[in-house]
Amino acid sequence: KIQGLRAFYVKHAPRMTVVERESFKTRAKLVFGATEEDFASSAKAQSGPCFAAWSSKVALPLHPGTLSFLPVLDKVGIMEANKKRDALFGVTTSDMNRVSYLLDDLEAASGSVNCDFNPFVVVFANGENELSSLITNELKVRNLRGFVLPLSSPTVIAILRECQGFISSLERLPISLSRSVLQSFIFSLVGFLSSVEAVVIIDDD
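Computed from a predicted structure; not experimentally measured. (Residues numbered from 1 in each chain as written. Predicted model: local features only at pLDDT ≥ 70, side-chain atom pairs only at ≥ 80, totals over all residues. Heavy atoms only, no water.)

### Re the overall build of the protein
- Helices and strands together make up the secondary structure of the protein, namely nine helices and six strands.
- The long-range fraction of contacts in the protein, counting pairs at least 24 apart against all pairs at least 6 apart in sequence, stands at 67%. (Helix = DSSP H or I, 4+ residues; strand = E, 2+ residues; numbered from the N terminus. Contact = heavy atoms within 4.5 Å.)

Next up, the structure:
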């Protein structure tokens, strides 16, 4: 359990507030007996080899356990553009800089003959309206198909009402709620997208 907490902390701590980080560690100590050292050393423990991204603009640090999947990834065949399948990628983000690398990768993948899918990107912009506008513009610049769902959308409010009556007055939703909003929205959306053959929920980093 502590190993799982470490992995979660390494992945999500950068997008937490100071209060959220301290609350997470305090609960981990009380419930599971974790120590401060568990989290202090977790970044080093989770680091591993790097894997080049599709866009080649950034190297992705890999968890050692991911290495077992690399031979499968390396075997992707050459695909003709008209034989590519539509895949929907859902992501929630509160940081334009974080998600930009993912958009770079999906742009490169959409134009690559080494990739067998065409991405359709759905982004839940978990922040101010300006963030939604920035992401929409970046999708257009990269010629990526997709949709940006802003936090202020009536759709988001309706989904949150179903979450035990939760109504947000926050500038940013907690990670668990933002993921619930994204998944609920995509679940409804795919019914209208008959060409989509796969749905992938992916982290913005």
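### A look at the pairing of strand β5 (residues 145–150)
- As defined by bridge partners, strand β4 (residues 117–125) adjoins β5 across six bridges and the pair is classed as parallel. Note on β5: the bridge partner recorded for V123 is V148.
- Viewed along the sheet, the connection from β4 through helix α7 (residues 129–141) into β5 turns out right-handed. (Pairing = 2+ DSSP bridges. Right-handed = clockwise from strand over helix to strand, strands pointing away.)

### As for the nonpolar core
- One finds L103, L106, F117 and I135 to be the most contacted residues of the largest nonpolar core, which totals 19 residues.
- Mapped by element, the contributors of at least two residues to this core are β3 (85–93), α6 (96–110), β4 and α7.
- Ranked by size, the runner-up nonpolar core spans 17 residues in total, among them V122, I159, L189 and V196. (Core = buried A, V, L, I, M, F, W, Y, C linked by side-chain atoms within 4.5 Å. Buried < 20%, exposed > 50% of the residue type's maximum accessible area, 1.4 Å probe, protein only.)

### Observations regarding the pairing of β4
- The element β4 is extensively covered by neighbouring structure, given that eight of its nine residues are classed as buried.
- Where β3 meets β4, nine bridges bridge the pair, whose relative direction is parallel. Residue pairing across strands places T93 opposite A125, the latter belonging to β4.
- Of the crossover connections in this fold, the one passing from β3 over α6 to the parallel β4 is right-handed.

### Some points on the packing of aromatic side chains
- In total, this model carries six aromatic pairs according to the counting rule given.
- Ring geometry for F8 and F24: centres 5.6 Å apart, planes at 15°, overall stacked. Here the residue F8 occupies a position in helix α1 (residues 2–12), and F24 occupies one in helix α2 (residues 18–32), the gap between them amounting to 16 residues.
- Look at F8 and you get partly exposed, because its relative accessible area is 36%.
- Both rings, one in F147 and one in F185, keep their centres 5.6 Å apart while their planes meet at 20°; by these two values the pair is stacked. You can see F147 sitting in strand β5 and its partner F185 sitting in helix α9 (residues 175–189), a full 38 residues away along the chain. (Phe/Tyr/Trp six-rings, centres within 6.5 Å; stacked < 30°, edge-to-face > 60°.)

### Quick notes on the pattern of salt bridges
- Here the structure, examined in full by the defined rule, presents 11 salt bridges.
- With a closest N to O distance of 3.1 Å, E36 and K25 form a salt bridge. On the criterion of sequence distance, the pair formed by E36 in helix α3 (residues 36–40) and K25 in helix α2 is long-range, its members being 11 residues apart.
- With relative accessibility at 36%, the residue E36 sits in the partly exposed group.
- Judged by its relative accessible area of 8%, K25 is buried. (Salt bridge = Lys/Arg side-chain N within 4 Å of Asp/Glu carboxyl O.)

### Focus on α2
- Compared with the 21 Å implied by 1.5 Å per residue over 15 residues, the 21 Å span of α2 between its first and last C-alpha is a close match.
- For α2, every residue scored as buried is listed here: F24, K25 and A28. Each buried residue of α2 lies within a common arc of 90° when the element is viewed along its axis, so the set occupies one face. Looking at α2, the residues exposed on the side facing more than 90 degrees away from the buried face are V18, V19, R27 and L30.
- Just past α2, the residue G33 takes up positive phi, approximately 75°. (Expected span 1.5 Å × (residues − 1). Arc of directions from axis to C-beta.)

### What about unusual backbone geometry?
- Located in the positive-phi region is N143, a residue other than glycine, with phi close to 55°.
- Following the sequence through the fold, N143 ends up in the loop between α7 and β5.

### Describing the sheet that holds β5
- Read from one edge to the other, the open sheet built from four strands follows the order β5-β4-β3-β6, with strand pairing classed as parallel. Each edge of the open sheet is held by one strand with a lone partner, namely β5 and β6 (196–201). The sheet shows a mean angle of 20° between the axes of neighbouring strands, taken without regard to direction.
- Against the sheet, α7 makes contact with β3, β4 and β5, and its axis sits at roughly 180° relative to β5, the strand it touches most. (Axes fitted to C-alpha atoms, helices over the stretch in contact; angles between N-to-C directions.)

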